[in-house]
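The residues making up each chain are set out below.
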Amino acid sequence: MAAHAGAEDLLIFVRDRELGILLPAPGFQQTLPDAKAWRVFLESCIEHSFQEGELSFPTPGATRHVTGLAAEDGSAVVFLGDDHEIDRGVDISLLLPILAAAFDGERIASVAEGNTAVAKQTARQAKLLADSLDKARNELRQTLGEAHRANAAKDRFLAVLSHELRTPLNPVLMAASAMETDPNIPPEIRADISMIRRNVELEARLIDDLLDLTRIANGKVQLQRKIVDGHELLEEASAVVRGDPAVLQPQIKLEFDAAQHHIDGDPARIQQVFWNLIRNAVKFTPRDGRIFIRTKNSDAGTFRIEVVDTGIGIAPEALPKIFNAFEQGDTDINRALGGLGLGLAISHALAELHGGTLRAESAGVGKGATFIFELPAVKHSALALETAAQPPAETSRRRILLVEDHATTAALMARLLRKRGHRVEVAHNKADAIASGLREEFDIVISDLGLPDGNGFEVMQALRSKSRVVGIALTGYGMEADIELTMKAGFQFHLTKPVDAQRLYQAIEQIPAAQTCP
Ligand code: ADP
């Protein structure tokens, strides 16, 4: 189109991203007199992305026209006073408020061809509209800001809350684990102790789920990948679920047909998905029902796990929603069985993080459910290389400096570690820890982060400046920022309280002993 409108006949509108409507471009009134600059701008718009004619329409008297150009991003340039005949059009009233707001009512008279009274009234209304839009935009901005702040506060609150809830569970869990296997305690009391341990673990798991959810929502979950045998993980997960004698369970049958069953993933996270699926199957299936855990290689390179049950099934309308956080199927049943409705949301996100998929099928209520988890399988050739590269198992004892101000926790941890053959020295504060660390040589320092006279970061920094000791940080906070801080301070492992003894042992075994203990 010929850009022959005078500069004063030109308006620029941009789409307001927050409100999603066209508003006069900020500042155009000031630059309007600069005809040349506008023309250059316009020509470049036409050349690049503007499409001609999308907003074209005639004015009521058909003697004046308003022609516009709309860009793909929704911005628009509008010309006044072009006298081209344009047949197709839009009702001018759609543009009047915008024009009026832009021109403060002045130009409306000429656009509306003499109908001054109507034009002025429209202009006033348009001005009011523009003012209230401005107000709404400011309020929206303020609300958005508040929502962001509230969201960050919620994350922090969840982290602090879970820390406060977790810390007291730590000594209980460790004491229960130690007593459960203590042959000096009568078996009937040990049974009660194992019930205590299971319930504390359940509590810890609910807290973990809340934390996981915040991490996943913020894209902060880091996978510790390695090549693992999917069948082994499935066997372990079902053994853990089956091993709970307090729950009378339906029969679980394993049917492993996958020839390629190794996966490249974070074993703890994959286990988490398996547990969730198997626990749900047990939870939602009556005692006389059946559960099948099947594997196969569905197509080249895919390891497919199916957890099939003959339980209560899922209604078709609930099926698309069960993977949403806090979403539960039949609320009455769920109220009776407990749970927060987070397990599947977390499992789904973890499956995707591993490049896999998780979905559910059910023929309806009372007809059982099938959960299908698919992951890329590791080829045998890659597997052989990986296994060959594995260092031999490291079984020698480690010299460990344990820094923990909570006396009961420290004593229990030291006892458990000594039972596994490690030599353990305990320090209850920063000063003692640094003194011990400088006096003796240690392979590993396991340190709590909050100490009465300082923190674990300072302990680590002091010891790392003198020796090659490897650090394991213990903290109730599992937020990503805390993990980053511990890594920066020189810790190589980060365990969240209550400490899972197996994870602690695994971390220790990954650290080679610098020299054999006397
Ligand atoms: P929770 O089990 O804590 O409620 P999940 O996220 O694990 O939370 O599951 C969400 C919902 O999906 C459950 O409340 C239940 O309604 C439904 N569901 C999950 N697994 C099964 C299953 N095997 N059979 C029937 N319904 C299931």
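## Let's talk about the overall build of the chain
Thinking step 1. Counting its regular elements, the chain contains 17 helices and 20 strands.
Thinking step 2. Within the chain, the fraction of its 518 residues that count as buried is 44%.
Thinking step 3. Here the analysis covers contacts within the chain between residues at least 6 apart in sequence; of these, 67% occur between residues at least 24 apart.

## Quick word on the pattern of salt bridges
A pair can form between side chains of opposite charge whenever their charged atoms are brought close.
Thinking step 1. For the structure on display, the rule yields 12 salt bridges.
Thinking step 2. Here Arg294 ties to Glu255 by a salt bridge, and the two come within 2.7 Å at their closest N and O atoms. Of the two residues, Arg294 sits in strand S10 (residues 290-297) while Glu255 sits in strand S8 (residues 251-256), which places them 39 residues apart along the sequence.
Thinking step 3. For Arg294, a relative accessible area of 28% gives the class partly exposed.
Thinking step 4. Beyond isolated ion pairs, a larger network of salt bridges with shared partners links Lys296, Arg304, Glu306 and Glu374.

## A word on the packing of aromatic side chains
Thinking step 1. Following the criterion strictly, the structure yields 2 aromatic pairs and no others.
Thinking step 2. Ring centres of Phe274 and Phe373 lie 5.9 Å apart, and the angle between their planes is 70°; on these two criteria the pair is classed as edge-to-face. On the criterion of sequence distance, the pair formed by Phe274 in helix H9 (residues 267-283) and Phe373 in strand S13 (residues 369-376) is long-range, its members being 99 residues apart. Accessibility classification places Phe274 together with Phe373 in one group, the buried group.
Thinking step 3. Judged by centre distance (6.3 Å) and plane angle (70°), the ring pair of Phe323 and Phe371 falls under edge-to-face. Taken together, the positions of Phe323 in the loop between strand S11 (302-309) and helix H10 (331-337) and Phe371 in strand S13 put the pair 48 residues apart, joining distant regions of the chain.
Thinking step 4. A cation sits over an aromatic face here: Arg294 above Phe292, 4.6 Å from the ring centre.

## Regarding the sheet that holds strand S12 (residues 357-361)
Picture the strands of a sheet paired through backbone hydrogen bonds; they go either parallel or antiparallel.
Thinking step 1. Strand order in the open sheet formed by 5 strands is S8-S10-S11-S13-S12, and the pairing between neighbours is mixed. Either end of the sheet is taken by a strand with one partner, and the two such strands are S8 and S12. The sheet shows a mean angle of 15° between the axes of neighbouring strands, direction not considered.
Thinking step 2. Across the face of the sheet, helix H11 (residues 343-353) comes into contact with S12 and S13 while running at roughly 135° to S12.

## Details of the packing of helix H6 (residues 169-180) against helix H7 (residues 187-217)
Thinking step 1. Two numbers describe how H6 lies on H7: the axes approach to 9 Å, and their chain directions differ by 145°. Like other packed secondary-structure pairs, H6 and H7 cross with a definite hand, here left-handed. Residues Leu169, Val172, Leu173, Ala176, Ser177, Met179 and Glu180 of H6 form the contact with H7, whose own contacting residues are Arg190, Ile193, Ser194, Ile196, Arg197, Val200, Glu201, Glu203, Ala204 and Ile207.
Thinking step 2. Among the residues forming the contact of H6 with H7, the class breakdown is 10 nonpolar, 2 polar and 5 charged.

## Some remarks on the sheet that holds strand S14 (residues 399-403)
Thinking step 1. Taken in spatial order, the 5 strands make up an open sheet running S15-S14-S16-S19-S20, and their pairing is parallel. Where the open sheet ends on each side, the last strands, each with one partner, are strand S15 (423-427) and strand S20 (491-496). For this sheet the average axis-to-axis angle between neighbouring strands, irrespective of direction, equals 20°.
Thinking step 2. Bridging between S14 and strand S16 (residues 444-448) involves 4 bridges; their strand directions are parallel. Note that in S16 the partner of Leu402 across the bridge is Ile446.
Thinking step 3. Relative to S20, helix H17 (residues 501-510) is tilted by about 170°, and along the sheet it contacts S14, S16, strand S19 (470-475) and S20.

## Quick notes on helix H15 (residues 456-464)
Thinking step 1. Along H15, the residues classified as buried are Gly456, Phe457, Val459, Met460 and Leu463. End-on view of H15: buried residues confined to an arc of 160°, all on one side of the axis.
Thinking step 2. Backbone nitrogen of Phe457 and a side-chain oxygen of the N-cap are separated by 3.1 Å at the start of H15; the cap is Asn455.

## What about the side chain of Glu180?
Thinking step 1. Counting through the fold element by element, Glu180 comes out in helix H6.
Thinking step 2. Here the side chain of Glu180 touches Arg197 through a polar contact of 2.7 Å, side chain to side chain.
Thinking step 3. Those residues in contact with Glu180 that lie beyond four places of it in its chain are Arg190, Ile193, Ser194 and Arg197.

## Concerning a nonpolar patch on the surface
Thinking step 1. There is a patch of nonpolar side chains on the surface, built from Phe157, Leu161 and Leu165 and spanning about 270 Å² of accessible area.
Thinking step 2. Within the secondary structure layout, Phe157 lies in helix H5 (residues 116-166).

## Here's the deal with the confidence of the model for the chain
Thinking step 1. Across the chain, the average pLDDT comes to 72, with 65% of residues at 70 or higher.
Thinking step 2. Predicted confidence is poor over residues 1-10, with pLDDT under 50, and the contacts of this stretch with residues over four places away or in other chains come to 31 contacts.
Thinking step 3. This stretch, residues 79-119, has a pLDDT under 50; its non-local contacts, to residues over four places away or in other chains, come to 91 contacts.

## Regarding H11
An α-helical turn contains 3.6 residues, so any two residues separated by three or four positions project in the same direction.
Thinking step 1. Counting buried positions over the 11 residues of H11 gives 8, a clear majority of the element.
Thinking step 2. Along H11, the positions that sit buried rather than exposed are Gly343, Leu344, Ala345, Ile346, Ser347, Ala349, Leu350 and Ala351.
Thinking step 3. The elements touched by buried residues of H11 are H7, H9, S12 and S13.
Thinking step 4. At the exit of H11 stands Gly355, carrying a positive phi of roughly 75°.

What counts and what doesn't
- Residues numbered from 1 in each chain as written.
- Predicted model: local features only at pLDDT ≥ 70, side-chain atom pairs only at ≥ 80, totals over all residues.
- Heavy atoms only, no water.
- Helix = DSSP H or I, 4+ residues; strand = E, 2+ residues; numbered from the N terminus.
- Buried < 20%, exposed > 50% of the residue type's maximum accessible area, 1.4 Å probe, protein only.
- Contact = heavy atoms within 4.5 Å.
- Salt bridge = Lys/Arg side-chain N within 4 Å of Asp/Glu carboxyl O.
- Phe/Tyr/Trp six-rings, centres within 6.5 Å; stacked < 30°, edge-to-face > 60°.
- Lys NZ or Arg CZ within 6 Å of the ring centre and 35° of its normal.
- Pairing = 2+ DSSP bridges.
- Axes fitted to C-alpha atoms, helices over the stretch in contact; angles between N-to-C directions.
- Left-handed = near helix turned anticlockwise from the far one by under 90°.
- Nonpolar A, V, L, I, M, F, W, Y, C, P; charged D, E, K, R; others polar.
- Arc of directions from axis to C-beta.
- Polar contact = N/O pair within 3.5 Å; in protein donor to acceptor, adjacent residues only side chain to side chain.
- Patch = residues over 30% accessible without salt bridge, like charges linked within 9 Å, V, L, I, M, F, W, Y side chains within 5 Å.
- Areas by Shrake-Rupley, 256 points an atom, 1.4 Å probe, with all protein chains shown as cover.
- pLDDT = per-residue confidence, 0-100.

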